[in-house]
Amino acid sequence: MVKAVDTSELIRLDAEAIECGLNRNHGVGWLMEFADPGAVHFLRPVLVHRAPHRPEVSPHWRCMLLLTMRDGQQIFSLLDVLPASFENLPETLDAAAQSGVIRRLESGGLLTQAQWPGLEAWPGPGRR
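None of the values given here were measured: they were computed from a predicted structure. (Residues numbered from 1 in each chain as written. Predicted model: local features only at pLDDT ≥ 70, side-chain atom pairs only at ≥ 80, totals over all residues. Heavy atoms only, no water.)

Caption draft 1: Broad picture of the sheet that holds strand β1 (residues 3–6). Taken in spatial order, the five strands line up as β1-β2-β3-β4-β5 in an open sheet, and their pairing is mixed. Each of the sheet's edge strands pairs with one partner strand only, and the pair in question is β1 and β5 (111–112). Examined bridge by bridge, strand β4 (residues 74–81) and β5 share two bridges and lie parallel to one another. Directly across from I75, in β5, lies its bridge partner L111. Along the sheet, helix α1 (residues 7–20) makes contact with β1, β2 (40–49), β3 (60–68) and β4, crossing β1 at roughly 95°. This element, helix α4 (residues 95–106), spans β2, β3 and β4 of the sheet and lies at about 90° to β3. (Pairing = 2+ DSSP bridges. Helix = DSSP H or I, 4+ residues; strand = E, 2+ residues; numbered from the N terminus. Contact = heavy atoms within 4.5 Å. Axes fitted to C-alpha atoms, helices over the stretch in contact; angles between N-to-C directions.)

Here it is, written out as structure tokens:
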């Protein structure tokens, strides 16, 4: 399952991950500064994290993220998302569109967040 999210929703999901203390997030302000505000981004859950010592956030999903930056480049990133938050996102993609996003995410041809050249300008804690 792949879900499309606009930048404001992605920022909300990232803030939720930060608030919950989930490991994969972008750091306060990073998406607001670097993600294309008019783009659609794509989330695909790929791993279930179970944390018995933190039942309030267990399980949660590690999602692959196809993220469009302000410079127009698409990059690969990760975001931890609570299952209910993911499930509450509308399903707007047909099977062909989902397959295309999955191929793009799994092809290995995308720069990662850490490799993206624009990261050099970011001094903040979200740097990975």
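Caption draft 2: Representation of α1. Over its 14 residues, α1 extends 20 Å from the first C-alpha to the last, a length consistent with the 20 Å expected when each residue adds 1.5 Å. When we look at burial in α1, the residues that qualify are T7, L10, L13, D14, E16, A17 and C20. Looking at the packing, one finds that the buried side of α1 touches β1, α2 (30–34), β2, β3, β4 and α3 (83–87). G21 lies just past α1 and shows a positive phi near 75°. (Expected span 1.5 Å × (residues − 1). Buried < 20%, exposed > 50% of the residue type's maximum accessible area, 1.4 Å probe, protein only.)

Caption draft 3: Representation of the confidence of the model for the chain in the model. Mean pLDDT over the chain stands at 90; residues scoring 70 or higher make up 92%. Within the chain, β1 carries the highest mean pLDDT (98), whereas β5 carries the lowest (90). (pLDDT = per-residue confidence, 0-100.)

Caption draft 4: The side chain of Q98, seen in detail. By the element assignment, Q98 lies in helix α4. Owing to a relative accessible area of 16%, Q98 belongs among the buried residues under this scheme. Residues contacting Q98, with those up to four places away along its chain left out, are M1, V2 and L93.

Caption draft 5: Broad picture of the packing of aromatic side chains. For the structure shown, the criterion picks out four aromatic pairs. With a centroid separation of 5.2 Å and an interplanar angle of 75°, the aromatic rings of F34 and W116 are classed as edge-to-face. With a gap of 82 residues between them, F34 in helix α2 and W116 in the segment after β5 connect regions that are remote in the sequence. Comparing F34 with W116 shows no difference in burial state: the two are buried. Consider the rings of W61 and F86, whose centres lie 5.5 Å apart with planes at 70°: the pair is edge-to-face. Here W61, found in strand β3, pairs with F86, found in helix α3; they are 25 residues apart in sequence, far enough to count as distant. Owing to a relative accessible area of 3%, F86 belongs among the buried residues under this scheme. Put simply, the rings of W30, F34 and W116 pair up and form one aromatic cluster. The ring of F86 carries K3 above its face, with NZ or CZ at 4.9 Å from the centroid. (Phe/Tyr/Trp six-rings, centres within 6.5 Å; stacked < 30°, edge-to-face > 60°. Lys NZ or Arg CZ within 6 Å of the ring centre and 35° of its normal.)

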